[in-house]
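Residues per chain, in single letters:
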Amino acid sequence: AALRESFANRLLSLEKQPGLRYLLEKGQSSLIPRISEQPNPTAEQRYWQQRLGLHSSLVVPIRVQGRSIGVLTLARFRPESPPFQESDQVLAQTLADHAGLAIENARLYAAAEDARRSAEEAQQAMRHSQAAHQHFFESNPNASYVVDTETLKVVDVNEAALQLYGYSRAEFLQLTLSDLRLPDDHARLTEILRQAGTGTTSGPARHRKKDGSVIHVEGGSHLSTFEGRPARLVVLPDETKRV
């Protein structure tokens, strides 16, 4: 109880504990069989000697992979207790080494748990972001769809585009960007995409609905990703009535 009261919320400054600092830096043990026979006891040792009758102490480093991360301190206060010996020092060091391994494993586990939680939080944030993006995409009143940049195949489409072009979702996802353009417009589409590179495209265009009728759209696209692949998000307001 006296030890708990003394050390509660207390930091031991290594500047004021040269013996402890030396032990930590050198990774060596400190065995004092009899405090009373020590020529220069420390202030800490004198305090406990006077308060509780400390008469023998043993301090060993808690080591992990060659470095000291703490100390294990043993003390005997009862007069009838024998002084610590070298055999006690060997046993204490063995216990401290096991403690060091347990502490390091706990630290590694805690770090792994932190990393796992961070990954889960990042994934959750990404899912929220994707859900918000999908909601924005689906609720957009303008025809919108996503095409793979390599194949120009439609990989996602919103309801406004289905209504505008007259296809079902399954049918639309079988189309390419070229299928939506007029036949004589394919060369122009290829040149537009070539010039855009990784930039945006914009301007008017004529597209073809499922029933073969022509609609006028004016919008553009920008580079994005879809399921890990480069893609273009195309947004095309219907300008047929205005044209």
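Presented here is an overview of the structure given in this document. Here the structure is a predicted model, which is why all the values come from computation and not from measurement.

Basis of the calculations
Residues numbered from 1 in each chain as written. Predicted model: local features only at pLDDT ≥ 70, side-chain atom pairs only at ≥ 80, totals over all residues. Heavy atoms only, no water. Buried < 20%, exposed > 50% of the residue type's maximum accessible area, 1.4 Å probe, protein only. Helix = DSSP H or I, 4+ residues; strand = E, 2+ residues; numbered from the N terminus. Arc of directions from axis to C-beta. Contact = heavy atoms within 4.5 Å. Salt bridge = Lys/Arg side-chain N within 4 Å of Asp/Glu carboxyl O. Pairing = 2+ DSSP bridges. Axes fitted to C-alpha atoms, helices over the stretch in contact; angles between N-to-C directions.

Bringing helix H3 (residues 43–52) into the picture now. Think of an α-helix as turning once every 3.6 residues; residues three or four places apart then point the same way. By the burial criterion, the buried members of H3 are Glu44, Gln45 and Trp48. Summarising the axial view, the buried residues of H3 lie within an arc of 100°, below the 170-degree limit, and thus occupy one face. Exposed and oriented more than 90 degrees from the buried face of H3 are Ala43 and Gln50. Along its buried surface, H3 packs onto helix H1 (2–7), strand E1 (30–32) and strand E2 (56–64). At the exit of H3 stands Gly53, carrying a positive phi of roughly 80°.

Before going further, it helps to spend a moment on the pattern of salt bridges. Counted according to the given criterion, the structure contains 19 salt bridges. A salt bridge links Arg242 to Glu218; the nearest nitrogen and oxygen atoms lie 3.1 Å apart. Residue Arg242 is found in the segment after strand E8 (229–236), and its partner Glu218 is found in strand E7 (residues 214–226); the two are separated by 24 residues along the sequence. Residues Arg242 and Glu239 are paired through a salt bridge, measuring 2.8 Å at the closest nitrogen-oxygen approach. One network of salt bridges, with partners in common, ties together Glu113, Asp114, Arg116, Arg117 and Glu120.

This paragraph deals with the pairing of strand E3 (residues 67–76). With nine bridges joining them, E2 and E3 adopt antiparallel strand pairing. In the strand pairing of E3, Val64 is matched with Arg67. From the end of E2 to the start of E3, which pair antiparallel, there are two residues, and Gln65 there has a positive phi angle of about 50°.

The buried fraction of E2 amounts to eight of the nine residues, a majority that puts the element mostly inside the structure. Where E1 and E2 come together, three bridges link them in antiparallel fashion. Counted as the bridge partner of Ile32 is Ser57 from E2.

This part takes up the sheet that holds strand E5 (residues 154–157). Here we have five strands laid out as an open sheet, ordered E5-E4-E8-E7-E6, and antiparallel in their pairing. Taken across any chain shown, the strands that pair with only one partner, and hence form the sheet edges, are E5 and strand E6 (201–208). This sheet shows a mean twist of 35° between the axes of neighbouring strands, independent of strand direction. Across six bridges, the pairing between strand E4 (residues 143–148) and E8 is antiparallel. For Asp148, the partnering residue across the bridge sits in E8 and is Ala231. Against the sheet, helix H8 (residues 186–196) touches E6 and E8, its axis set at about 160° to E6.

Turning our attention to the environment of Pro61. Here Pro61 is to be found in strand E2. The class of Pro61 is buried, set by a relative accessible area of 0%.

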